[in-house]
Each structure stands twice: as C-alpha cells, then as structure tokens.
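Letter by letter, the chains look like this.
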Amino acid sequence: MRAYELMVIVDGDTDEPKAHSFVKTVSDGIVEAGGSVHGQPDWWGKRPFAYPIDKKDAGYYLVVECLAEGGALDELERQLRLADEIVRHKLIRLPDAEAERRGMAVSA
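Residues numbered from 1 in each chain as written. Predicted model: local features only at pLDDT ≥ 70, side-chain atom pairs only at ≥ 80, totals over all residues. Heavy atoms only, no water.

1. Re the nonpolar core
Then comes step 1: Within the largest apolar cluster, 18 residues are counted, with the highest numbers of intra-cluster contacts made by Val 8, Val 10, Val 26, Ile 30, Leu 73, Leu 76 and Leu 80.
Then comes step 2: Those elements that place two or more of their residues in this core are strand 1 (2-11), helix 1 (16-32), strand 3 (56-68) and helix 2 (74-82).
Then comes step 3: Val 8 has contacts with Val 26, Tyr 60, Tyr 61, Leu 62, Leu 80, Ile 86, Arg 88 and His 89, leaving out every residue within four places of it along the chain. (Core = buried A, V, L, I, M, F, W, Y, C linked by side-chain atoms within 4.5 Å. Buried < 20%, exposed > 50% of the residue type's maximum accessible area, 1.4 Å probe, protein only. Helix = DSSP H or I, 4+ residues; strand = E, 2+ residues; numbered from the N terminus. Contact = heavy atoms within 4.5 Å.)

Below is the structure:
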C-alpha cells in the first residue's frame, strides 16, 4: 500500500451542499478502488483563487489522505477529470518518511 494525498477543487458557483457531497464521492471512490481513507477528509470550504481559473474566482477545497495500491486510483482520477464541477485535482504519492510522520502505515 502507498500513501497518497488528494486535493480536489470544486467550482465555486456550485451550491455548497452539492460541493460538500464530493467528500463522500471521493471517499467512496477510494474505497471502491481497494484503498482506505486515512483520518477524516479535510473540508476547507470556499476559498478565493490566487488567479482566475476557467474564469472562476473561487472554489471549494477538499484534501483527503489515503492508502491504496499503485495505480488503483487511476479510475477515480479519470472521473474527477470528467466531472464538470471539478476545477482542478491533484493526487500525489507521499514520500515514505512523510507518510510515517503523518501516522500512515506504509508497507512496500
């Protein structure tokens, strides 16, 4: 299992309850891929962008830490790319030292 951090930015013009529903959508997608969510998803709420993205000035931010096999989250990333409400997303693999610091058990 590898440790990952996923940040998702939902369009700021989306209603907040609908934007907040992406917490469950992303968490369910991770579990369906055979992974597990580490801790609670971190909902930052609506934040202004440093510069306009797709002519938008703000978005809802969500950060999720998870454990999954390599390549298991490819389908979730594809779904995020296709979703109209998602402005940006970024999935990074955490270095082993950082994963240990955050208390995420990593076995390669």
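2. Some remarks on helix 1
Then comes step 1: Counted at 1.5 Å a residue, the expected span for helix 1 with its 17 residues is 24 Å, and the 25 Å between its end C-alpha atoms agrees.
Then comes step 2: Considered for burial, the residues of helix 1 that qualify are Ala 19, Phe 22, Val 23, Val 26, Ser 27, Gly 29 and Ile 30. With its buried residues spanning 160° around the axis, helix 1 presents them on a single face. Exposed side of helix 1, more than 90 degrees from the buried face: Pro 17, Lys 24, Val 31 and Glu 32 are the residues found there.
Then comes step 3: In this fold, the buried residues of helix 1 make contact with strand 1, strand 2 (36-53), strand 3, helix 2 and strand 4 (86-93).
Then comes step 4: Downstream of helix 1 by one or two residues, Gly 34 has phi in the positive range, about 90°. (Expected span 1.5 Å × (residues − 1). Arc of directions from axis to C-beta.)

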